[in-house]
Amino acid sequence: MKPYYVDKIAERGAVYYFIRHSEDCQIVVPPTKYLNHKMRVRRSPNTRRRMAFSLSYYLNFCKEKGVDTEAVLNLKYDKQYEHFADFLQWIKAGKHLSKEFQNGPSNNTCNTYLKDVFGYYEFLGVYGEQFGELKIFKEKTITFVNRAGVKGTKKSKVFDGFLKGERHHGKSIEQDQLLILLQSCTNYRDLVLLLLLAETGFRIGELLGVNYTKDIDYDKRLIRVYFREDNENGARAKNAEYRSALLSTDTFEIVQYYLSEYRELLKDTDYLFVNIAGDTAGEALNVNAVYAMLERLEKKTGIEATPHMLRHYFANQRRKSGWDVPLISKALGHRNLETTINYLNIETNELVEASEEYYKKNRHLYMVDELL
């Protein structure tokens, strides 16, 4: 058994994560304070869960190496660098798990665990749990352009010992596949859910938190997402931000028909999406039920679909329609344009064709005739 493990408590709709000693089950105070801090600043339950495991892995690694956080802070640069590089390799080898597997986590996952550890060290310094800063960071100047188009720079501390990350390109679905899925729905709730995922680009947690009495503007066909901590189904908007999306006339008519068709179930709730059968009929729909529905559709049609794939579908359809990347990024609720670019299925051939078209239109700019 590893020396440290993650535990949790659910209280009044909130989930609290903390780390315990395996030997006596006592709470390890500093990392638990850090996790509570992350809850106060409204990090999502999934993010806090990952952070809890990241810290438990790191504490187990330190126990195995015979060091603690104070000793790590006092290490010289090269030894400190070696310490964190060893942690990455330890994770990569799967030694953080109770059973070792042939293939450990991806490089990106290993790097994420280490970033969580760095956040913990920063917390220890800022909140007085420990004095001193890590020595292994290098200062890097980053140039950026904000939403107003103003160019600026900021300095950031980076660690150059991360494992080489893999570029992530999420899967999407095609329009004809979406049509088959829609035609295979056996009720209007599932039909509306798929349509809204495809038309709004909202995250599933955002959509499941929609309040049909407050969050839909029936005159303007607008649907909005708000950050709420107290949704009974655990749904929440990521990044604590507000966004809205315009629905097509046809989809909006189907939404209204759905509200009319299920008015008896919906009259005692404000949630747009509810369970429509069984003992839980009328209760807010949760994420697990959505994935179960999509699995049933996959067995029926042979088409794999997830809420995230439908966000990719939204992004690619908007790009094909001429939306620029910053606009798509804003619609998706991304804070980083690079994240949005990874959503877009831009193939090499498409880039070549676009370049060729550009050169044809702007040949005069290069004065080729005069140069030959």
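Residues numbered from 1 in each chain as written. Predicted model: local features only at pLDDT ≥ 70, side-chain atom pairs only at ≥ 80, totals over all residues. Heavy atoms only, no water.

Novice: So what's going on with the overall build of the chain? Residues and values would help.
Specialist: Check the secondary structure of the chain and you find 16 helices and seven strands. The 372 residues of the chain split such that 43% are buried. For the chain, the proportion of contacts with a sequence separation of at least 24, taken over those separated by at least 6, is 57%. Of the accessible surface of the chain, which amounts to about 22,200 Å², a share of 49% is contributed by carbon and sulfur atoms. (Helix = DSSP H or I, 4+ residues; strand = E, 2+ residues; numbered from the N terminus. Buried < 20%, exposed > 50% of the residue type's maximum accessible area, 1.4 Å probe, protein only. Contact = heavy atoms within 4.5 Å. Areas by Shrake-Rupley, 256 points an atom, 1.4 Å probe, with all protein chains shown as cover.)

Novice: An account of the packing of aromatic side chains is requested, with residue identities and associated values reported.
Specialist: The tally for this structure, following the rule as stated, stands at 25 aromatic pairs. With a centroid separation of 5.3 Å and 50° between ring planes, the pair formed by tyrosine 258 and tyrosine 262 is classed as tilted. Given the relative accessible area of 16%, tyrosine 262 is considered buried. Here the guanidinium or amino end of lysine 115 rests over the ring plane of phenylalanine 162, the centre of that ring lying 5.6 Å away. Note that arginine 318 overlies the ring of tryptophan 323, its terminal NZ or CZ placed 5.4 Å from the centroid. (Phe/Tyr/Trp six-rings, centres within 6.5 Å; stacked < 30°, edge-to-face > 60°. Lys NZ or Arg CZ within 6 Å of the ring centre and 35° of its normal.)

Novice: Describe the pattern of salt bridges, and please don't skip the residues or the numbers.
Specialist: All chains considered together, the criterion is met by nine salt bridges. The salt bridge involving arginine 20 is made with aspartate 7; its shortest N-O contact spans 2.9 Å. Of this pair, arginine 20 sits in strand 2 (residues 14-21) while aspartate 7 sits in strand 1 (residues 4-11), and the two are 13 residues apart along the sequence. Of the residues examined, arginine 20 reaches a relative accessible area of 18% and is grouped as buried. In this structure, a network of salt bridges that share partners links the residues Arg203, Glu206 and Arg243. (Salt bridge = Lys/Arg side-chain N within 4 Å of Asp/Glu carboxyl O.)

Novice: Quick rundown of the nonpolar core? Include the residues and the values.
Specialist: Counting residues in hydrophobic clusters, the biggest one holds 45 residues, and the most contacted among them are Leu193, Leu196, Leu207, Ile223, Tyr258, Leu272 and Phe273. For this core, the secondary-structure elements that each account for two or more residues are helix 6 (175-184), helix 7 (188-200), helix 8 (204-208), strand 6 (222-225), helix 9 (249-261), helix 11 (287-301) and helix 12 (307-320). Tallying contributions element by element places helix 7 first for this core, with eight residues. Setting aside residues no more than four positions away along its own chain, isoleucine 223 makes contact with Leu196, Thr200, Phe202, Leu207, Val210, Asp215, Ile216, Arg243, Ser244, Ala245, Leu247 and Leu272. Core analysis: the second largest hydrophobic core is formed by 21 residues, Phe84, Leu88, Cys110 and Phe118 among them. (Core = buried A, V, L, I, M, F, W, Y, C linked by side-chain atoms within 4.5 Å.)

Novice: How would you sum up unusual backbone geometry? Please name residues and give values.
Specialist: The backbone of cysteine 25 shows a phi angle near 65°, a positive value even though the residue is not glycine. Following the sequence through the fold, cysteine 25 ends up in the loop between strand 2 and helix 1 (29-40). Among the residues examined, cysteine 25 registers a relative accessible area of 39% and is labelled partly exposed. Positive phi outside glycine occurs at arginine 221, with the angle close to 60°. Topologically, arginine 221 is positioned in the loop between strand 5 (216-217) and strand 6.

Novice: Describe helix 11, with residues and values.
Specialist: Its 15 residues give helix 11 an end-to-end C-alpha distance of 21 Å, which sits within 8% of 21 Å, the value for a rise of 1.5 Å per residue. Residues of helix 11 that are buried: Val290, Met293, Leu294 and Leu297. When helix 11 is viewed along its axis, its buried side chains cluster within an angular range of 95° and face the same direction. Exposed residues lying more than 90 degrees from the buried face of helix 11 are Asn288 and Lys299. On its buried side, helix 11 packs onto helix 6, helix 7, helix 8 and helix 12. (Expected span 1.5 Å × (residues − 1). Arc of directions from axis to C-beta.)

Novice: Account for the sheet that holds strand 7 (residues 243-246), naming residues and giving values.
Specialist: Spatially, three strands are ordered 5-6-7 in an open sheet, and the strand pairing comes out antiparallel. Only two strands of the sheet have a single partner each, and these edge strands are strand 5 and strand 7. Alignment of strand 6 against strand 7, held across four bridges, turns out to be antiparallel. Within strand 7, the position partnered with arginine 224 by the bridge is serine 244. (Pairing = 2+ DSSP bridges.)

Novice: Help me get a handle on the side chain of threonine 269, residues and values and all.
Specialist: By the secondary structure assignment, threonine 269 is in the loop between helix 10 (263-266) and helix 11. Taking the relative accessible area as the measure of exposure, threonine 269 reaches 9% and is therefore buried. Only 3.2 Å separates the side chain of threonine 269 from the backbone nitrogen of tyrosine 271, close enough to count as a polar contact. (Polar contact = N/O pair within 3.5 Å; in protein donor to acceptor, adjacent residues only side chain to side chain.)

Novice: So, the packing of helix 2 (residues 45-65) against helix 5 (residues 107-126): which residues are in play, and what are the values?
Specialist: Interhelical geometry of helix 2 versus helix 5 gives an angle of 85° and a closest axis separation of 9 Å. In terms of orientation, helix 2 lies roughly perpendicular with respect to helix 5. Of helix 5, the residues touching helix 2 (which contributes Arg50, Met51, Ser54, Leu55, Tyr57 and Tyr58) are Thr112, Tyr113, Asp116, Val117, Tyr120 and Tyr121. Grouping the amino acids of the contact of helix 2 with helix 5 by side-chain chemistry returns eight nonpolar, two polar and two charged. (Axes fitted to C-alpha atoms, helices over the stretch in contact; angles between N-to-C directions. Parallel < 35°, antiparallel > 145°, perpendicular 65-115°, else oblique. Nonpolar A, V, L, I, M, F, W, Y, C, P; charged D, E, K, R; others polar.)

Novice: Give a detailed account of the environment of leucine 97, specifying residues and quantitative values.
Specialist: With respect to the helices, strands and loops of the structure, leucine 97 is situated in the loop between helix 4 (77-92) and helix 5. The partly exposed category is assigned to leucine 97, whose relative accessible area is 27%. Leucine 97 sits 95 residues away from lysine 2 along the chain, and the two C-alpha atoms are 8.6 Å apart. Residue contacts for leucine 97: discarding those within four places in its chain leaves Lys2 and Tyr57.

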